[in-house]
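Overview (structure and organization)
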Amino acid sequence: MTPATMRAVLLSEPTPAEQVRLTEVPIPQIRPGWVLVKVKAFGLNHSEQILRLSEIRAAYINKPIIPGIECAGEIADPSDSRFQQGEQVVAFMGGMGRSFHGSYAEYALLPASRVFSIRTDLSWTEMAAVPETYFTAWGSLFECLDLKKEDTLLIRGGTCALGYAAIQLAKVVGCHVIATTHRESKLARLENADEAILDAGTLVGTLHGVTKALELVGPKTLRDTLQCMEKGGIVCNTGILGGIYALNGFDPIKEIPNGVYLTGFFSNFPTQQTVESIFSLIACHHLEPAVGAIYAFSDIGRALSDMDNHKVDGKIVVRVDHENN
């Protein structure tokens, strides 16, 4: 039986990690078109940090808000949906944690269209490391870059959870992978790439034969990445790790080399088919989701602090142990 209340993180204003607390709130009431998910685990994401520290001020954020753009769990109440009670699911994006309450809670009321049935032998914490991270890597590499075995792929900003996932998927394809980090101490973390490079901000003139590039640092290094490409190459700008979100004064005619292509991946529109394909590939190739650390829900403040301070390599996952049942 579903309890009446639950623990959740509730934000109304910019909140540093050390001030984040769990609050007792009512469990959301079911309504048509939405399903109630019992959250078993959820991953932490850079976009949630942006929300917590600054974006929460925006008028379009429905405050107070429970953050969290993804989770793994089971259906507690299917309402009028196709799901069955107890069914194993993941959910992510489509407004989670911004337009409506997200996953930093024991239960989440979510649009049925944002929830995806999953068959997997992965644990809950492993499952929680997959949705947003692997969907973004998948879409960037295959939808935007059309990655092939014969490609040489540059992953700029490889020592984040998305970078690790992209390296895994690219090596499944069989292409040559060059991954970068701006921290010398993290070069060893890129052991699954064919080449690991220390990135001081300028790579042009040091690389040859790059046909595809996944730009995770973002606008801060995008101009330089474009100049590293072979003619016919494609750059996909997916991340914003560099902390710069737009290119002021960007002149595409002069700054995109002739015959080089620039695209970007926006991960807001997952489908059941794509989610199934991702979990199938993980199972087929015996991939281990790059979980960097697991925290108890009661320790959410420390988990967020460690994310803010870049103390964890790989995906930070929070395990939700339900107190009431």
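The following refers to the structure shown. (Residues numbered from 1 in each chain as written. Predicted model: local features only at pLDDT ≥ 70, side-chain atom pairs only at ≥ 80, totals over all residues. Heavy atoms only, no water.)

**Details of the sheet that holds strand S8 (residues 152-156)**
Through backbone hydrogen bonds, the strands of a sheet pair up, either in parallel or in antiparallel fashion. Spatially, S10-S9-S8-S11-S12-S13 is the arrangement adopted by the 6 strands of the open sheet, whose pairing is parallel. The open sheet has two free edges, formed respectively by strand S10 (195-198) and strand S13 (261-264), since each of these has just one partner strand. Adjacent strand axes in the sheet meet at a mean angle of 20 degrees, parallel and antiparallel pairs treated alike. Pairing between S8 and strand S9 (residues 176-181): 5 bridges, direction parallel. Each bridged residue has a counterpart across the sheet, and for Arg-156 the counterpart in S9 is Thr-180. The sheet contacts of helix H5 (residues 219-227) involve S8, strand S11 (212-215), strand S12 (234-237) and S13, and relative to S12 the element is tilted by about 175 degrees. (Pairing = 2+ DSSP bridges. Helix = DSSP H or I, 4+ residues; strand = E, 2+ residues; numbered from the N terminus. Axes fitted to C-alpha atoms, helices over the stretch in contact; angles between N-to-C directions. Contact = heavy atoms within 4.5 Å.)

**Digging into the packing of helix H1 (residues 46-53) against helix H8 (residues 300-308)**
At a minimum axis separation of 11 Å, H1 and H8 run at an interaxial angle of 105 degrees. In terms of orientation, H1 lies roughly perpendicular with respect to H8. Contacts between H1 and H8 involve His-46, Gln-49, Arg-52 and Leu-53 on the former and, on the latter, Leu-304, Met-307 and Asp-308. Of the residues in the contact of H1 with H8, the class split is 3 nonpolar, 2 polar and 2 charged. (Parallel < 35°, antiparallel > 145°, perpendicular 65-115°, else oblique. Nonpolar A, V, L, I, M, F, W, Y, C, P; charged D, E, K, R; others polar.)

**Quick look at the state of the cysteines**
Under the criterion given, the structure shown has 0 disulfides. Just so you know, Cys-144 is unpaired, no disulfide at all, and the nearest cysteine sulfur is the one on Cys-236, 4.1 Å from it. A residue is classified by how much of its surface remains accessible, and Cys-144, at 14% relative accessible area, is buried. Note on Cys-175: no disulfide assigned, nearest cysteine sulfur contributed by Cys-236 at a separation of 14 Å. (Disulfide = S-S within 2.5 Å. Buried < 20%, exposed > 50% of the residue type's maximum accessible area, 1.4 Å probe, protein only.)

**Some points on helix H7 (residues 272-284)**
In this model H7 runs 18 Å from its N-terminal to its C-terminal C-alpha over 13 residues, within 8% of the 18 Å that 1.5 Å per residue would give. Listed in full, the buried residues belonging to H7 are Thr-274, Val-275, Ile-278, Phe-279, Leu-281 and Ile-282. Considered in projection along H7, the buried side chains sweep an arc of 155 degrees and stay on one side of the axis. Turned more than 90 degrees off the buried face of H7, the exposed positions are Gln-273, Ala-283 and Cys-284. Positioned one or two residues after H7, His-286 has a phi angle of 55 degrees, which is positive. (Expected span 1.5 Å × (residues − 1). Arc of directions from axis to C-beta.)

**Here's the deal with unusual backbone geometry**
At the junction of Lys-63 and Pro-64, the peptide bond is cis and its omega measures out at -5 degrees in the coordinates. Along the chain, Pro-64 falls in the loop between H1 and strand S4 (70-77). Although it is not a glycine, Asp-146 sits at a positive phi angle of roughly 50 degrees. Notably, His-286 is not glycine yet its phi reads approximately 55 degrees, a positive angle. Along the polypeptide, His-286 turns up in the loop between H7 and strand S14 (291-296).

**Digging into the side chain of Thr-221**
Within the secondary structure, Thr-221 sits in helix H5. In this view, Thr-221 contacts Arg-156, Gly-201 and Glu-215; residues no more than four positions away in its chain are not counted.

**Focus: the pairing of strand S6 (residues 107-111)**
Summarising burial for S6: 5 of the 5 residues are buried, a large majority. Pairing geometry for strand S3 (residues 34-43) and S6, over 5 bridges, is antiparallel. Counterpart to Leu-36 in the pairing with S6 is Leu-109.

**Looking at helix H4 (residues 161-173)**
When the terminal C-alpha atoms of H4 are compared, their 19 Å separation across 13 residues agrees well with the 18 Å that a helix rising 1.5 Å per residue should span. Most of H4 sits inside the fold, with 10 of its 13 residues counted as buried. Summarising the contacts, the buried residues of H4 are in contact with helix H3 (131-144), S8, S9, S11, H7 and strand S15 (315-319). With its phi angle positive at about 100 degrees, Gly-174 sits one or two positions after the end of H4.

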